[in-house]
Amino acid sequence: DVLPVDPMPEVAIAAFAIADLSKAGRASAAGPARLQVAESRKMPASVLSPQIKIAAAYTHAAFAKARAKAAGFHDVLFLDEQGQLTESSTQSFFLVCDGSLRCAPLDAVLAGVTRRLAVELARDEGIPVSEAPMPLALLDRAQEAFLTGTTSNVWPVSRVDGHELPAPIPGPITARLVARFAKLVADGDPVFSARWLQAI
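Here is a short report on the structure shown in this document.

Calculation rules
- Note that residues are indexed from 1 along each chain, following the sequence as it is written.
- Two thresholds apply to this predicted model, a pLDDT of at least 70 for residue-level local features and 80 or more for giving and counting side-chain atom pairs, whereas whole-chain, interface and lining totals are computed over all residues.
- Heavy atoms from the whole structure form the basis of all side-chain values; hydrogens and water molecules are not counted.
- Each helix is a run of H or I in the DSSP string that is no shorter than four residues. Each strand is a run of E no shorter than two, and both are numbered from the N terminus.
- Computation of the radius of gyration draws on C-alpha atoms alone. For the globule rule, the value is 2.2 Å times the number of residues to the power 0.38.
- Only protein chains enter the accessibility calculation, which uses a 1.4 Å probe; a residue is then buried when its area is under 20% of its type maximum, exposed when over 50%, and partly exposed in between.
- Only heavy atoms matter for contacts: two residues are in contact if any of them lie within 4.5 Å across the pair.
- Reported accessibility uses the Shrake-Rupley method at a 1.4 Å probe radius. Residues are deemed covered only where the shown protein chains occlude them.
- Under the counting rule used here, the positive set is Lys and Arg, the negative set is Asp and Glu, and His together with the chain ends is not counted.
- Taken as the charge centre is NZ of Lys, CZ of Arg, CG of Asp or CD of Glu, depending on the residue.
- A strand pair is defined by DSSP finding two or more bridges across the two strands.
- Aromatic pairs are defined between Phe, Tyr and Trp rings, using the six-membered ring for Trp, whenever the two ring centres lie within 6.5 Å; interplanar angles under 30 degrees are classed as stacked, those over 60 as edge-to-face, and all others as tilted.
- Salt bridge criterion: a side-chain nitrogen from Lys or Arg within 4 Å of a carboxyl oxygen from Asp or Glu.

### Digging into the overall build of the protein
Then, number 1: The secondary structure content of the protein amounts to five helices and ten strands.
Then, number 2: The C-alpha radius of gyration computed for the protein amounts to 17 Å, which stays within 12% of the reference 16 Å derived for 200 residues, consistent with globular compactness.
Then, number 3: With the C-alpha coordinates of the protein rotated into their principal frame, the extents come out at 55 × 40 × 30 Å.
Then, number 4: Looking at the protein as a whole, 40% of its 200 residues are labelled buried.
Then, number 5: The long-range fraction of contacts in the protein, counting pairs at least 24 apart against all pairs at least 6 apart in sequence, stands at 65%.
Then, number 6: Total accessible area on the protein is roughly 11200 Å²; 59% of this is exposed by carbon and sulfur atoms.
Then, number 7: Considering the protein, the positive charge centre built from 19 side chains and the negative charge centre built from 21 side chains are found 5 Å apart.

Right, here's the structure in full:
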């Protein structure tokens with residue numbers, strides 16, 4: 001029987017210094033990200049909500065990322081059941097099209113903290129943001145792309161499968177968000193640092 005029957009579950013918490021995580025996986029050290037569109041589709045919300053962070057939800061992503069890395073990519077990019085762009089194995093995905101920031105809606109992707117911060121920073125910078133389905137063909141119109149995540153912050157993307165994003169990398173909007181994010185983390189952003197940083 002695979003059903004859990006223990007009425008007294010145990011919880012273990014592992015704590016890591018952010019510097020240690022950064023040394024192991026700091027995105028900037030790897031250069032711009034190269035993403036491979038996954039052969040398999042993202043697990044639909046009808047099967048498992050994208051807002052549930054459990055180990056089982058990452059197993060599929062881990063195997064897809066391993067295949068992508070073996071093919072020379074940094075990470076994988078998932079399409080949903082309708083063929084819309086969603087997110088990477090553990091990071092949110094953004095496109096810049098005609099000066100506007102595009103990202104998948106929250107019914108399709110994890111409501112990540114760094115994703116929400118990137119959206120808020122963009123809007124504060126006067127950059128229009130659209131949270132709506134993104135067809136794969138939108139890549140043909142994109143001038144920029146980037147990932148966001150806890151250890152990568154804002155990571156410029158240079159390639160998705162065989163599609164090369166236009167130079168320079170990072171593009172101007174991505175560069176603005178990279179700089180704004182760095183300023184916030186250094187406790188130098190008068191608007192966002194006090195609200196987003198917490199002393200521990």
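### Looking at the pairing of strand β9 (residues 153-160)
Then, number 1: With respect to burial, β9 is a largely interior element, six of its eight residues being buried.
Then, number 2: Summarising the sheet, strand β8 (residues 144-149) and β9 pair through four bridges and their orientation is antiparallel. Directly across from L147, in β9, lies its bridge partner W155.
Then, number 3: Connecting β8 to the antiparallel partner β9 that follows it, the hairpin turn spans three residues.
Then, number 4: Following β9, the chain reverses through two residues before pairing antiparallel with strand β10 (residues 163-164); D161 in that reversal takes a positive phi of roughly 55°.

### With respect to the packing of aromatic side chains
Then, number 1: One pass over the full model with this rule turns up one aromatic pair.
Then, number 2: Measuring from centroid to centroid gives 4.9 Å for F94 and F146, while their planes differ by 15°, and the two rings are stacked. Here F94 is found in strand β4 (residues 92-97), whereas its partner F146 is found in strand β8, with 52 residues between them in sequence.

### Details of the pattern of salt bridges
Then, number 1: Here the structure, examined in full by the defined rule, presents ten salt bridges.
Then, number 2: A salt bridge links E120 to R116; the nearest nitrogen and oxygen atoms lie 3.9 Å apart. With a gap of four residues between them, E120 and R116 both fall in helix α3 (residues 113-124), about one helical turn apart.
Then, number 3: Judged by relative accessible area, which is 23%, E120 ranks as partly exposed.
Then, number 4: The partner of D124 in a salt bridge is R180, with the nearest N and O atoms 2.7 Å apart. Taken as a pair, D124 in helix α3 and R180 in helix α4 (residues 172-185) lie far apart in primary sequence, 56 residues in all.
Then, number 5: A relative accessible area of 39% places D124 in the partly exposed class.
Then, number 6: Three or more residues are tied together by salt bridges with common partners; here these are D124, E125, R176, R180 and D189.

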